[in-house]
Amino acid sequence: MEQAQGRPTRRQLMHAIGLIGGTAAVYQMMTTFGHAAETRFDGPPQLTGARKGARVVVLGAGLAGMLAAYELRKAGYQVKILEFQQRAGGRAWSLYGGDRYTEMGGAAQDVRFAKGNYLNPGPWRIPHHHRTLLHYCKAFGVALEPFIQLNHNAYVHSTEAFGGQPMRYRALAADFNGNIAEILGKSIDQKGLDQQLTAEDLDRLKEALRGWGLLDKDMRYRGERASRSRGWALPPGGGVNGAPKPSEPYAFGEVLKSGIWANLAFFMNHEFQTTMFQPVGGMQKIGDAFARQVQGLVVHGARVTRLMQDKAGVTVTYADTLSGQVKTEAADYCVCTIPLTVLSQIETNLSEKMTAAINAVPYSSSVKIGLEMRRRFWEEDQEIFGGHSFTNQEIGLISYPNSGFFSNGPAVLLGAFANGPGGYHLGGMSPAERIEAALAQGAVFHPEAYRKEFLNGASVAWSRVPWVMGCCARWNEESRRDHYQTLVAMEDRIVLAGEHASYVGCWMEGALLSSIDAITRLHKRALEA
Amino acid sequence: MHKLRTERRWIVAAAALAALAVGAKGADADEPGPGGARPMVPKNGAEVYEVYCQVCHMAGGKGAAGAARFPALAANARLGTAAYAIYMVDNGKAGMPGFKEALTPAQVAEVVAYLRTHFGNAYAEPVTASDVQAMRGQ
């Protein structure tokens, strides 16, 4: 009761914001309440008329670097890309059968997936509002297919609830909402919300709770109405014994302990709302498509050791990773997309302020593990087609393939997407230990089949990926305030780009938006020079 | 009294929202969502190292090289200054995150003491949770 009285109305909240943040904050809140724009992308940059012979060196053949090279060449620049790896695409990457991957520390894995199967170690899902990426996927001929983001029939597991038994998302979500609706309904009846709302609004709210919470005519969450959402004890059938039997909602205390509310909130987040997409055949297809557009511009196996600029131009020193031979590349301008983890260890004559910004951003440490299974037991035995089963164990979740439904033969499950402490811990293991941990933890969802059907696996710990040494840049409010504008500012002839130079961090969209912004400013400066 | 407390609650909520508007972190990263919320809790310095440090500094504190390097902690003279090691674990450096929020003062003290007495390091002087607390200003 006391809690309910303590909740501010919207008007009171506006007033309080006005007190603290002034009118600008109120305006900000009002636009937030009104609507949110979907994207900053308003079409590819239209850069033309570069000065004859002007040269740009791009560091890194990930999406940001390749897009910069593609657009700058179109504008008339002479462009060269220096890339550490023997492949292009950066974190837009897939592991396929026949690949050999060696992580920092020397552990090597030979990927043994069947033809057509893959693991996307990094990016794996594309929000429908990441319009820049979707634009270039279409322009460069990348086929996309749906990524099954929300599957009501997948599981949620918590070691703290239901004796460690995984439960279907559908039932937990329905039980959570249904109980909340029933409790609020009772609160209305007991005059608990009278101070917040008018009698008319209370009537409307009660009706809303009945509909949204799947309550029966007595405002109770139970029986047939609830079963239509959470599932039946005996589902409807045909003929003589066709009548369904309703199921019993779970004890609300256990539902709360399961943490299902966090899953509900996760799927409400703008970046994780359906519809989402994935490239047909793996994320590497995006890397490949960009690479086709910059064919002939990329020098592979180039480990940059020094980045200097003066009045005359930019000089990049690099060592060939195979021969060790040291070379230099001179240009008028440089777009540097090297991850900050690596850039912070490269000698430059950038300003102290810029150097401080480069050193101000820690990287996350995710782990993904692909497990190839002999057959699609999740489809055949549990009617799960794509989507994720979540667990509070370190693996975080397992995720089911989004294509090839009903097919025979081996399929690759995502056996872990670990982040935070779980990411550090699994990442610190040997590849074999990671597979064992993924099998042990993931088996909670499919105890009969998981180990029995397992064929082989592969894992990527992002902190140990030699060319990025971390997953992606993690800004906080303080580092944004102190360093972001410095990091993205063009310093004489050098400009940084990549997901780390965006507010859409850890997404390909951020890399592309950052790249477009960087080269637009570079081009303007080059024309003014 | 009750009214006062309620008002304060609004102010706190409003301040949080206003902060979001001004110093925003940006879009939420692609993460596992609510998964992985119950990680292993390390019980001693060796386990803290295994869970949090080994991913970059490698088994045995050997360090590693890729496009750049993760420094070796084995036979590392900088560990002779306990305050330096505590500072690094708490605050990180460049790409390395700080672990001030993830680890208790006792856990930081244990992992620093572990590193100072293993992997070819021999600095016997103990490191305590209160050393860490003092550096955190607690």
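This structure is a prediction, so every number in the text was calculated from the model and none was measured.

**A closer look at the sheet that holds strand E8 (residues 144–147) of chain A**
All names here are of chain A.
Okay, step 1: The antiparallel open sheet is built from three strands, whose spatial order is E7-E11-E8. Two strands in the sheet have a free side with no partner beyond their single neighbour: strand E7 (126–127) and E8.
Okay, step 2: Relative to strand E11 (residues 276–279), E7 runs antiparallel, the two being bridged by two bridges. Its bridge partner being in E11, Ile126 is matched across the sheet by Phe277.

**Describing the domain arrangement of chain A**
All names here are of chain A.
Okay, step 1: Partitioning chain A into domains gives domain 1 (55–84 + 287–361 + 473–528), domain 2 (95–154 + 275–282 + 364–464) and domain 3 (169–256).
Okay, step 2: Computed over C-alpha atoms, the centres of domain 1 and domain 2 are 30 Å apart.
Okay, step 3: In this assembly, 16 residues from domain 1 lie in contact with 13 residues from domain 2.
Okay, step 4: For the domain 1 and domain 2 pair, buried surface summed over both sides reaches about 1,300 Å², with 72% attributable to carbon and sulfur atoms.
Okay, step 5: Considering only the surface of domain 1 that becomes buried against domain 2, Trp507, Met508 and Glu509 emerge as the three largest contributors, covering 41% of it.
Okay, step 6: Summed over the shared surface of domain 1 and domain 2, the result is zero salt bridges.
Okay, step 7: Inspection of the region where domain 1 meets domain 2 yields four residue pairs in polar contact (both at pLDDT 80 or more).
Okay, step 8: Elements supplying a minimum of two residues to the side of domain 1 that touches domain 2: helix H3 (63–75), helix H10 (284–293) and helix H17 (508–528).
Okay, step 9: Here the side of domain 1 that touches domain 2 gets five residues from one element, more than from any other, and that element is H17.
Okay, step 10: Looking at the side of domain 1 that touches domain 2 residue by residue, the classes come out as 11 nonpolar, one polar and four charged.

**Remarks on H10(A)**
Okay, step 1: All of the buried residues in H10(A) are A:Gln284, A:Ile286, A:Gly287, A:Ala289 and A:Phe290.
Okay, step 2: The inward-facing, buried residues of H10(A) contact H3, strand E3 (95–96), E7, helix H4 (131–139), E11 and H17 of chain A.

**A short note on the state of the cysteines**
Okay, step 1: As enumerated under the stated definition, the model contains one disulfide over all chains in all.
Okay, step 2: Note that A:Cys472 is cross-linked by a disulfide to A:Cys506, the S-S spacing being 2.1 Å. A torsion of 95° about the S-S bond marks the disulfide between A:Cys472 and A:Cys506 as right-handed. Here A:Cys472 is found in the loop between strand E22 (454–461) and helix H16 (477–488), whereas its partner A:Cys506 is found in the loop between strand E23 (494–496) and H17, with 34 residues between them in sequence.
Okay, step 3: Residue A:Cys472 is classed as buried on the basis of its relative accessible area, which comes to 7%.
Okay, step 4: A:Cys471 takes part in no disulfide bond, and the closest cysteine sulfur, belonging to A:Cys472, lies 4.0 Å away.
Okay, step 5: Free cysteine: B:Cys56, not disulfide-bonded; nearest cysteine sulfur from B:Cys53 at 9.1 Å.

**Digging into the sheet that holds strand E13 (residues 302–309) of chain A**
Residue and element names in this part refer to chain A.
Okay, step 1: Strand order across the open sheet formed by four strands is E15-E14-E13-E17, with mixed pairing between neighbours. Of all strands in the sheet, those with a lone pairing partner are strand E15 (326–331) and strand E17 (347–348), marking the two edges.
Okay, step 2: With six bridges connecting them, strand E14 (residues 314–320) and E15 associate as antiparallel partners. Each bridged residue has a counterpart across the sheet, and for Thr315 the counterpart in E15 is Ala330.

Conventions used here
- Residues numbered from 1 in each chain as written.
- Chains lettered and ligands numbered in written order.
- Predicted model: local features only at pLDDT ≥ 70, side-chain atom pairs only at ≥ 80, totals over all residues.
- Heavy atoms only, no water.
- Pairing = 2+ DSSP bridges.
- Helix = DSSP H or I, 4+ residues; strand = E, 2+ residues; numbered from the N terminus.
- Domains from an automatic or database assignment.
- Contact = heavy atoms within 4.5 Å.
- Buried area = accessible area lost by both parts, 1.4 Å probe.
- Salt bridge = Lys/Arg side-chain N within 4 Å of Asp/Glu carboxyl O.
- Polar contact = N/O pair within 3.5 Å; in protein donor to acceptor, adjacent residues only side chain to side chain.
- Nonpolar A, V, L, I, M, F, W, Y, C, P; charged D, E, K, R; others polar.
- Buried < 20%, exposed > 50% of the residue type's maximum accessible area, 1.4 Å probe, protein only.
- Disulfide = S-S within 2.5 Å.

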